[in-house]
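Here is what each chain is made of, one letter per residue.
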Amino acid sequence: MEIRAREGKRIEELWQKDGARAYLGTMLPGFPNLFMIYGPNTNNFGGLQIVDFEEMVTRFALECIGGLITRKSSTVDVSPDAYWRYNDQVDKAEALMIYKDRRAHNYYNNDSGRSAANNPIDIRKIWTWLRDPLDGQANGHRTGDPAALARRSVHPYFREDLLVE
């Protein structure tokens, strides 16, 4: 299937540097309203199954779509900066995984030496980030894992990392 961005860029061009990546495993910059349910880096090592990650991503996508409807907006996209900030977190966490040991030879690593399948980030952080893209708040306060909320590099909320038009 051919997938092109708003400006006509092919998905393969976005991924040519070192393989498939996505913001929170679901969004790509320049591809508004595209949500991958089983996207890059969605196999978690935190005790949950793939379907659990898929359910969190599905909720996130539905919340984004609902937010567009209630705000009378038409598109949601992730900023390129946010895409790379999140993926820097994936790369830093992945560097500590046993399958990254230079003596290991396995199917996890692509030709560029990184995994496009595994997500080494603590699932409590992922759950927090995927919880409420509209504003991430309940009773006036952001909720979820304190370490995820303290991380200044990931803000998966409308008008922060998520661009709404």
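For clarity, every value in this text was computed on a predicted model and none was experimentally measured.

1. Description of the confidence of the model for the protein
Overall, the predicted model of the protein reaches an average pLDDT of 91, with 97% of residues at or above 70. Averaged pLDDT values for the elements of the protein fall to 64 in strand E4 (residues 137-138) and rise to 98 in strand E2 (residues 76-78).

2. Re the packing of aromatic side chains
What the rule picks out here adds up to six aromatic pairs. Taking the centre distance of 5.6 Å and the plane angle of 65° together, the rings of Tyr23 and Tyr86 count as edge-to-face. One end of the pair, Tyr23, is in the loop between helix H1 (11-14) and strand E1 (43-44); the other, Tyr86, is in helix H3 (residues 80-94), and 63 residues separate them in sequence. Accessibility assignment for this pair places Tyr23 and Tyr86 in one class, buried. Between Phe35 and Phe60, the ring centres sit 6.5 Å apart and the planes meet at 75°, which makes this aromatic pair edge-to-face. A residue pair is termed long-range when its members are at least 10 positions apart, and Phe35 in the loop between H1 and E1 and Phe60 in helix H2 (residues 50-70) qualify at 25 residues. Take Phe35 and Phe60: they sit in the same class, and that class is buried. Feature note: the residues Tyr23, Tyr86 and Trp129 constitute an aromatic cluster, connected by ring pairs.

3. Structural notes on the pattern of salt bridges
If you walk through the whole model with that rule in mind, you get 10 salt bridges. The partner of Glu2 in a salt bridge is Arg4, and the shortest N-O contact between them spans 2.5 Å. For Glu2, a relative accessible area of 52% puts it in the exposed group. Owing to a relative accessible area of 44%, Arg4 belongs among the partly exposed residues under this scheme. Arg6 is paired through a salt bridge with Glu165; the nearest N and O atoms lie 3.7 Å apart. Linking Arg6 in the segment before H1 with Glu165 in the segment after strand E6 (162-164), this pair joins segments that are 159 residues apart in sequence. One network of salt bridges, in which partners are shared, links Asp18, Arg21, Asp91 and Arg114.

Here is what the cut-offs are and how they apply
- Residues numbered from 1 in each chain as written.
- Predicted model: local features only at pLDDT ≥ 70, side-chain atom pairs only at ≥ 80, totals over all residues.
- Heavy atoms only, no water.
- pLDDT = per-residue confidence, 0-100.
- Helix = DSSP H or I, 4+ residues; strand = E, 2+ residues; numbered from the N terminus.
- Phe/Tyr/Trp six-rings, centres within 6.5 Å; stacked < 30°, edge-to-face > 60°.
- Buried < 20%, exposed > 50% of the residue type's maximum accessible area, 1.4 Å probe, protein only.
- Salt bridge = Lys/Arg side-chain N within 4 Å of Asp/Glu carboxyl O.

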